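The residues making up each chain are set out below.
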Amino acid sequence: MKLAFTLSTLALVVLPTFGFAACSSPEHAMSCAEGTVYDAETATCVTAATS
């Protein structure tokens, strides 16, 4: 019982760390709404300029 509790606690503490590590890369996929494009300088979606 003590081993199961320890392993469960360890899993709950360690597993979220992997989720944060996966999203910390600047090259992760970004989806923007239609009519907007991703601006890498501001890391946001901005209205697409039309010419």
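Above this note sits the structure.
Residues numbered from 1 in each chain as written. Predicted model: local features only at pLDDT ≥ 70, side-chain atom pairs only at ≥ 80, totals over all residues. Heavy atoms only, no water.

With that settled, the discussion passes to the overall build of the chain. Helix and strand counts for the chain come out as 1 helix and 2 strands. The N-to-C order of helical and strand elements in the chain reads α-β-β. Here the chain has roughly 4800 Å² of accessible surface; of this, 68% comes from carbon and sulfur atoms. (Helix = DSSP H or I, 4+ residues; strand = E, 2+ residues; numbered from the N terminus. Areas by Shrake-Rupley, 256 points an atom, 1.4 Å probe, with all protein chains shown as cover.)

As a further point, take the state of the cysteines. A covalent bond bridging the sulfur atoms of two cysteines is what the word disulfide describes. Following the criterion strictly, the structure yields 1 disulfide and no others. The disulfide bridge from Cys-32 ends at Cys-45, spanning 2.1 Å between sulfur atoms. Of note, the bridge from Cys-32 to Cys-45 carries an S-S torsion of about -80 degrees and is left-handed in sense. Of the two residues, Cys-32 sits in the loop between helix H1 (2-23) and strand E1 (36-39) while Cys-45 sits in strand E2 (residues 44-47), which places them 13 residues apart along the sequence. Assessed through its relative accessible area of 27%, Cys-32 is described here as partly exposed. A relative accessible area of 31% places Cys-45 in the partly exposed class. (Disulfide = S-S within 2.5 Å. Buried < 20%, exposed > 50% of the residue type's maximum accessible area, 1.4 Å probe, protein only.)

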